[in-house]
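Below are the chains, spelled out letter by letter.
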Amino acid sequence: MADAVISKPLAQPGAANQVAGIVVKAPPRELEREPMVRNQRSIGWISDAIAGVAEGKTPRWWWFAFIPSVIMMTACFTMILYLVSVGVGVWGPGHPVMWGWAIVNFVWWIGIGHAGTLISAILFLLRQKWRTSINRAAEAMTIFAVMCAGIFPVIHIGRVWFGWWLFPIPNGNDIWPQFRSPLMWDVFAVSTYFTVSVLFWYMGLIPDLAVMRDRAKNKIRKFAYGLFSLGWTGSNRHWSNYEKAYLILAGLSTPLVLSVHSIVSLDFSVAPLPGRNKTIFPPYFVAGAVFSGFGMVLSLLIPLRRVLRLEDIITLRHVELMCKVTLATGSIVGYAYGIEFFIAWYSGNPYERYAFINRATGHYAWAYWTMITCNVIVPQLFWFKKIRTNMLVVFILSILVNIGMWFERFVIVVISLHRDFMPSNWGYFRPTWVDILTFLGTFGLFFTFFLLFLRFVPLIAISEVKGVTPQADPHHPLGGAKKGGH
Amino acid sequence: MADTVNPYGIIAEFDNPADTMHAAEKVRDAGFRKWDVFTPFPVHGMDKAMGLKNSKVGWFSFLGGVTGYTCGMLMIWWMNAVDYPIVVGGKPMFSPFSAFPPSYELTILLGSFGSLFGMLFLNRLPRLYHPLLKNRRFALATHDRFFIVIETADPKYSETETRKLLESLGTRHIEVVEE
């Protein structure tokens, strides 16, 4: 037993910003886990590293990313203006494909948002402590993705000035909205999702804004961060209520995130249309949403951890774990594709069968096989540790995942519609340049907000990361416990 | 005029969570009531060390959730079955099943508002002024230091005895903070 207990100095003597001079009796090597924060960084270092990103002079790379984003965002709003002034005819949809890119983009963006809530809520309930390094950025991603998503349903209705009919307000004829329709449920699901995501994000931010306030050098920053941190002092009586509220919000967000994409999927699956009318849709959509969301988190954080030198906080282990979640959800998605085909055959419904054979071999087969490659084959590569630990490969694969998930929505929306029951109702959908620019423009919107977020708000939850280090544990020698702790 | 500033309380600074927690246990056992521990992150076990009861935030969320669900159901029933009933596809004017998803979302929405605002209410936040936030050293409470503060308003507070107690607890710095 004695040789199983390895005594090793965790800190190199003399290294700055590290807790020095404490020897920790480590567990046997096979039970050891890579720590959440590498190199045994001190609690103060964590504040400096994270808050430092939002302080000081704006780095040049930020402007190189920000200016194109703003230009693209402007393009998006110009296209929307054009659409509103001319009409939805400037887009591709028309008989028989009446739902085009707008709905594809809506579902895609809202799906991306799901990873943020999964990380902040579900992983919190499951006590996955590694979430602390990535939850803030992922939640910000959620909020901005839902904003991009929210644009499309509003502008696709054509007469945007009637958008308020979606809300429970009587229209000109005193008629109320019709709550038996899933489209109405969707309004409640998406708006609740956005509001609760913002609440959750803001609540997590309060202690970190207090960190920013206490570090602020000039009056404007002191005032602004002071205002938004609401006078947070770090009092334990406050922490006690805060932690309870955080737990409850996580508990409420978990059924919320599962319900949002389920309800989005009902927009499709209640339609008596071959290729859409399926009970598998809710779980399959949720898995796909988490899959694409993790793809996006990886695409965002892999470059960021490098540019901002946060490799000690967003470690290789974090990336690997995210790859594993992507693998798990990607496999669920692949399984769902298989079941869809099986049921199309097993149901004996000739229309359903035709819809699926047409998917794989019809005029849109290129879209279908892009989807299969990116969503079924690509995530399987994450079984290999060599791939999971190669940042460049993971980055490329994560982008492929997002492309694949966009095509999944394209397959469901467009392919299901383009061949109706009668050949006279057949057609081929093509997007117009307005479709394309509007979609690309939403990336501008997304990145504009995301870059502003990086510049003004701590991009990693400072107090939460501190809380998962051994230095924060009063029963750990590094936390000051005597006699080696327990 | 500055001669008569009232002291707000006495603050003791600590280096690590373990020392803070042991000190908090002693302060709790000494019977103080108006005192607090300030940490850069929530320390597990500190609630017990301070003798705090379970937080009441849950009640606010519960109230919000119940309100949301009831309002959702009543709203949909009243709009679609009472105020302006319209037959759609021969479906019933009101069904709890189709009314469930929006009501479910409203449950979560108001429950979340309940927990955030309940937390702020219980913590008496937002608070735009706090004597401790004027103290330069205390700014480290959000960085890497731990503080125990005993207010002068506590009935057991005594300028010499309280300081002696804190000094015996292994603090590295003691200071009196003014109102």
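Being a predicted model, the structure only gives us computed values, none of them experimental.

A. Structural detail: the overall build of chain A. The helix and strand tally for chain A stands at 15 helices and 2 strands. Expected size for 486 residues packed as a compact globule is a radius of gyration near 23 Å; at 25 Å, chain A falls within 12% of this value. In chain A, which comprises 486 residues, the proportion classed as buried is 50%. The long-range fraction of contacts in chain A, counting pairs at least 24 apart against all pairs at least 6 apart in sequence, stands at 77%.

B. Representation of the overall build of chain B. Across its full length, chain B carries 6 helices and 4 strands. Counting helices and strands in the order they occur from the N terminus, chain B gives β-α-β-α-α-α-α-β-α-β. For chain B, the C-alpha radius of gyration of 25 Å lies well beyond 16 Å, the compact-globule estimate for 179 residues. By its C-alpha atoms, chain B is 80 × 40 × 30 Å across when sized along the principal axes. Each of the 179 residues in chain B was classed as buried or not, and the buried ones make up 41%. Across chain B, the fraction of contacts at a sequence separation of at least 24, relative to all contacts at a separation of at least 6, is 80%.

C. A look at the interface of chain A and chain B. Each partner contributes residues to the interface: chain A has 53 residues there, and chain B has 60 residues. Looking at the side of chain A that touches chain B, the elements with two or more residues in it are α1 (43-53), α5 (182-215), α7 (236-269) and α15 (462-467) of chain A.

D. Broad picture of the environment of A:Met296. Residue and element names in this part refer to chain A. Within the fold, Met-296 resides in helix α8 (residues 281-307). Judged by the 27 C-beta atoms lying within 10 Å of it, Met-296 is buried. Spatially, the C-alpha atom of Met-296 lies 20 Å from that of Arg-455, the residues being 159 residues apart in sequence. The residues contacting Met-296, other than those within four sequence positions of it, are Ile-112, Ala-115, Met-141 and Asn-402.

E. Just the confidence of the model for chain A, in detail. Averaged over every residue, the pLDDT of chain A is 89; the share at 70 or more is 94%. Taken as a whole, residues 1-15 of chain A scores under 50 in pLDDT and shows 15 contacts with residues more than four places along the chain or in a different chain.

F. The environment of A:Ala49, seen in detail. Residues and elements named next belong to chain A. With respect to the element layout, Ala-49 can be found in helix α1. Residues Ala-49 and Leu-310 lie 261 residues apart in sequence; the distance between their C-alpha atoms is 7.3 Å. If sequence neighbours within four positions are ignored, Ala-49 has contacts with Leu-310 and Ile-313.

G. Fine view of unusual backbone geometry. Cis geometry marks the peptide bond from A:His95 to A:Pro96, where omega comes out at 0°. With respect to the helices and strands, the residue A:Pro96 is situated in the loop between α2 (60-86) and α3 (101-125). Residue B:Pro126 is bonded to the preceding B:Leu125 through a cis peptide linkage, with omega at -5°. Unlike most non-glycine residues, A:Arg127 shows phi in positive territory, near 55°. Looking at the secondary structure, you find A:Arg127 in the loop between α3 and α4 (135-156).

H. Up close: the packing of α8(A) against helix α13 (residues 391-418) of chain A. Residues and elements named next belong to chain A. For the pair α8 and α13, interaxial distance at closest approach is 8 Å and the crossing angle is 145°. Helix-helix and strand crossings are classified by hand; for α8 and α13 the assignment is left-handed. Counting all contacts with α8, which are made through Gly-288, Phe-291, Ser-292, Gly-295, Met-296, Leu-298, Ser-299 and Ile-302, the residues of α13 involved are Met-391, Val-394, Phe-395, Ser-398, Ile-399, Val-401, Asn-402, Met-405 and Glu-408. Residues of the contact of α8 with α13, tallied by class, amount to 10 nonpolar, 6 polar and 1 charged.

I. Examining the nonpolar core more closely. Counting 179 residues, the largest nonpolar core has A:Met141, A:Val297 and B:Ile148 as its most contacted members. The element contributing the most residues to this core is α5(A), with 17 residues. Of the residues that make up this core, three or more belong to each of domain 1 (1-39 + 147-177) and domain 2 (57-122) of chain B. In this structure A:Met141 touches A:Gly116, A:Met296, A:Val297, A:Leu300 and A:Phe450, once residues within four positions along its chain are discounted.

J. Highlighting α4(A). With 22 residues, α4(A) extends 32 Å between its outermost C-alpha atoms, agreeing within 8% with the 32 Å of an ideal straight helix rising 1.5 Å per residue. With respect to burial, α4(A) is a largely interior element, 18 of its 22 residues being buried.

K. Spotlight on the sheet that holds strand β2 (residues 35-38) of chain B. Residue and element names in this part refer to chain B. Ordered by their spatial adjacency, 4 strands build an open sheet running β2-β3-β1-β4, and the pairing between neighbours is antiparallel. Looking at which strands have only one partner, the edges of the open sheet turn out to be β2 and β4 (173-178). For this sheet, the mean angle separating the axes of adjacent strands, direction not counted, is 20°. Sitting on the sheet, helix α1 (residues 17-29) is in contact with β1 (7-14), β2 and β3 (146-151), with an inclination near 20° to β3.

L. Just the domain arrangement of chain B, in detail. Each assigned domain of chain B is listed here: domain 1 (1-39 + 147-177) and domain 2 (57-122). Of note, the centres of domain 1 of chain B and domain 2 of chain B, computed from C-alpha atoms alone, are 47 Å apart.

M. Up close: the pairing of β1(B). All names here are of chain B. Along β1, 6 of the 8 residues are buried, which leaves the element largely enclosed by surrounding structure. The pairing of β1 with β4 spans 6 bridges and is antiparallel. Residue pairing for β4: Gly-9 is matched across the bridge by Val-177. Pairing geometry for β1 and β3, over 6 bridges, is antiparallel. Of the residues in β3, the one forming a bridge with Phe-14 is Phe-146.

Reading the values: rules and limits
Here the residue numbers are simple positions, counted from 1 along each chain's written sequence. Note on labels: chains are lettered from A, ligands numbered from 1, in written order. Where totals are concerned, whole chains, interfaces and linings use all residues; where local detail is concerned, this predicted model gives features only for residues with pLDDT of at least 70, and gives and counts side-chain atom pairs only at 80 or more. Here a strand is any run of E in DSSP of at least two residues, a helix any run of H or I of at least four, and the numbering for each starts at the N terminus. The atom set for the radius of gyration is the C-alpha atoms, and the globule formula is 2.2 Å times the number of residues raised to the power 0.38. Here exposure depends only on C-beta density: within 10 Å of a residue's C-beta, 20 or more other C-beta atoms make it buried, 12 or fewer make it exposed, and intermediate numbers make it partly exposed, the C-beta atoms being placed from the backbone. Here, residue contact means that the backbone-derived C-beta atoms of the two residues sit within 7 Å. Scored from 0 to 100, pLDDT reflects the predictor's confidence in each residue. Interaxial angles span 0 to 180 degrees and are taken between N-to-C directions of axes, which are lines fitted to C-alpha atoms, for helices over the stretch in contact. Two helices crossing with the near one rotated counterclockwise from the far one by less than a right angle form a left-handed crossing, whereas a clockwise rotation gives a right-handed crossing. Amino acid classes used here: Ala, Val, Leu, Ile, Met, Phe, Trp, Tyr, Cys and Pro are nonpolar; Asp, Glu, Lys and Arg are charged; the rest, including Gly, are polar. What makes a nonpolar core is a set of buried Ala, Val, Leu, Ile, Met, Phe, Trp, Tyr and Cys residues, with links drawn between C-beta atoms within 7 Å. Boundary definitions for the domains trace back to an automatic or database domain assignment. Multiplying one less than the number of residues by 1.5 Å gives the expected span of a helix. Here a strand pair is declared whenever DSSP counts at least two bridges between the two strands.

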